[in-house]
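# Notes for the structure review
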Amino acid sequence: MNRPEQPMLDPRVLDLDFESEATRIAARLREIVARQLHRRGLVVAISGGIDSSVSLALAVRALGPERVFALILPERDSSDDSAVRAGLLAEHLGVRTETVDIAPALEAIGCYRARDAAVRNVVPGYGEGWKFKIVIAGGVEGLINRFRVVAESPSGEHVERDLALADYLTIVAATNFKQRIRKTLEYFHADRLNYAVVGTPNRLEYDQGFFVKNGDGSADIKPIAHLYKSQVYAMARHLGLPERVCAAVPTTDTYSLDQGQDEFYFALPYRQMDLALWALNHARPAAELAAALDLSEAQAEAIYTDIRNKRRTTRYLHLAPVLAGEVAELDL
């Protein structure tokens, strides 16, 4: 007797009991803050995006709004809507907030100047009133990833060019200032309040090294690093966060042109990347992923290769400082 075929790889593998998981995370946050970190509360920088929003909501669930402090830290290239969503979330959760425009600090240390000079090496006409972003190409086709700059003039003219490695690295190094300045402010407030700093990466970002070392990668506790991005969205709805937050499209909010995370870093949109990462983590063959995502088997194999390569090349981001000599073990 022939049985009907069942889907081999179903997005429902990412389903969770979100109430149980929220309760578990909140309990762990309370335990870690009190017994391991010996702090009084939590600082969370919120961008209006889904990850920082859910992290803030879980912190409030754990400790109450009176022991959570939220920072809104826009700069020149931030979307106006990001700050609006962040403010809406903070009001919804009843937490204290402070907004600091970090653009003057970035200007003073040369962030914009270095970045713009690198863009002009590729697009000589780039200047006042122009916008740009970086996009990635190649990974899903099984090719070596390459980076391109997409620029838009004040008149609406679009220019797209391949980036030389030196220019790409300079642009990334300059924009990384943004995350590191934000983290400096987070730790200032954590120090003055005797609070701990919350890091907000989801599992996809944490696994694939999509964070800045000593920037958004720096934190005392990371409550959602085990949750896939689609699970974070579902958690936001379960926690009853404002619809404007729950419906926010994932962006880097780093460059002046709108930029999706899949354009800049990941091979696929997050729902598909979540399934691909889950499949690789559970040793599912590429043929199953190909069928689930309507890709060729070669494309699915290329995605697996891209995931492995990102793990390898970003491993150093996860490492503590490496000691050149032996020291006695600390009894902590």
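Here the structure is shown first, and the text comes after it.
A brief report on the enclosed structure follows. (Residues numbered from 1 in each chain as written. Predicted model: local features only at pLDDT ≥ 70, side-chain atom pairs only at ≥ 80, totals over all residues. Heavy atoms only, no water.)

### Here we look at the overall build of the chain
Of regular secondary structure, the chain possesses 14 helices and 7 strands. For a compact globule of 332 residues, the expected C-alpha radius of gyration is about 20 Å, and the chain comes in at 21 Å, within 12% of that figure. Dimensions of the chain, computed from the C-alpha atoms along their principal axes, are close to 70 × 50 × 50 Å. Taken over 332 residues, the chain has a buried fraction of 50%. By sequence separation, contacts in the chain at least 24 residues apart represent 72% of the contacts at least 6 residues apart. By element, 52% of the accessible surface of the chain is carried by carbon and sulfur atoms, the whole surface being about 16800 Å². Separation of charge centres in the chain, based on 39 positive and 45 negative side chains, amounts to 3 Å. (Helix = DSSP H or I, 4+ residues; strand = E, 2+ residues; numbered from the N terminus. Rg over C-alpha atoms; globule rule 2.2 N^0.38 Å. Buried < 20%, exposed > 50% of the residue type's maximum accessible area, 1.4 Å probe, protein only. Contact = heavy atoms within 4.5 Å. Areas by Shrake-Rupley, 256 points an atom, 1.4 Å probe, with all protein chains shown as cover. Lys, Arg positive; Asp, Glu negative; His and termini not counted. Charge placed at Lys NZ, Arg CZ, Asp CG, Glu CD.)

### A look at the pattern of salt bridges
Tallied over the entire structure, the rule returns 20 salt bridges. Among the salt bridges present, the one from D162 reaches R148, with a minimum N-O distance of 2.4 Å. Linking D162 in strand β6 (residues 158-162) with R148 in strand β5 (residues 146-152), this pair joins segments that are 14 residues apart in sequence. The exposure class assigned to R148 is buried, which follows from its relative accessible area of 17%. A salt bridge links K310 to D306, with the nearest nitrogen and oxygen atoms 2.6 Å apart. Residue K310 and its partner D306 are both found in helix α13 (residues 297-313); the two are separated by 4 residues, about one turn of the helix. By relative accessible area, K310 is classed as buried at 7%. In the salt-bridge network here, residues are joined through shared partners; they are E75, D77, R115, D116 and K178. (Salt bridge = Lys/Arg side-chain N within 4 Å of Asp/Glu carboxyl O.)

### Here's the deal with the sheet that holds strand β2 (residues 68-72)
Reading across from one edge, β3-β2-β1-β7 is the order of the 4 strands in this open sheet, with parallel pairing throughout. Either end of the sheet is taken by a strand with one partner, and the two such strands are β3 (96-99) and β7 (196-197). One ladder, built from 4 bridges, connects β2 with β3; its direction is parallel. Bridge pairing in β3 places I72 opposite T99. In this fold helix α6 (residues 165-193) packs onto β1 (42-45), β2, β3 and β7, with an angle of close to 155° to the strand it touches most, β2. (Pairing = 2+ DSSP bridges. Axes fitted to C-alpha atoms, helices over the stretch in contact; angles between N-to-C directions.)

### What to know about unusual backbone geometry
The backbone of H38 sits at a positive phi, close to 55°, despite the residue not being glycine. Mapped onto the secondary structure, H38 falls in the loop between α1 (18-36) and β1. Residue H38 is classed as exposed on the basis of its relative accessible area of 53%.

### Here's the deal with the side chain of D77
Mapped onto the fold, D77 is located in the loop between β2 and α3 (80-93). Overall, the relative accessible area of 11% leaves D77 in the buried class. Among the polar contacts made by the side chain of D77, one reaches the side chain of K178 at a distance of 2.9 Å. (Polar contact = N/O pair within 3.5 Å; in protein donor to acceptor, adjacent residues only side chain to side chain.)

### Remarks on the sheet that holds β5
Spatial strand order, β4-β5-β6: 3 strands in an open sheet with antiparallel pairing. Since the sheet does not close on itself, it has two edges, and those belong to β4 (131-137) and β6, each with one partner. On average, each strand axis in the sheet is inclined to that of its neighbour by 25°, with strand direction left out of account.

### Considering the pairing of β1
Both faces of β1 are covered, namely the face carrying L42 and V44 and the face carrying V43 and A45. Here β1 runs beside β2; their pairing, made up of 4 bridges, is parallel. Bridge pairing in β2 places L42 opposite V68. Read from β1 through helix α2 (residues 50-63) to β2, the crossover connection turns out right-handed. Judged from the 2 bridges that link them, β1 and β7 form a sheet pairing that is parallel. Paired with V43 across the two strands is V197, which belongs to β7. (Right-handed = clockwise from strand over helix to strand, strands pointing away.)

### So, the environment of I46
In this fold, I46 is placed in the loop between β1 and α2. Since its relative accessible area comes to 4%, I46 is described here as buried. Spatially, the C-alpha atom of I46 lies 5.6 Å from that of I72, the residues being 26 residues apart in sequence. Those residues in contact with I46 that sit more than four places away from it in its chain are S52, L56, A70, L71, I72, A86, L89 and A90.

### Side note on the side chain of K183
Structurally, K183 can be placed in helix α6. If we ignore the near neighbours within four places in the chain, the residues touching K183 are V197, V198, N214, G215, D216 and S218.

### Some details on the environment of R244
Here R244 lies in helix α9 (residues 243-246). For R244 and G48, which are 196 residues apart along the polypeptide, the C-alpha to C-alpha distance reads 9.1 Å. Filtering out sequence-adjacent residues up to four positions away, R244 remains in contact with D81, V84, R85 and L88. Polar side-chain contacts of R244 include one of 2.3 Å to the side chain of D81.

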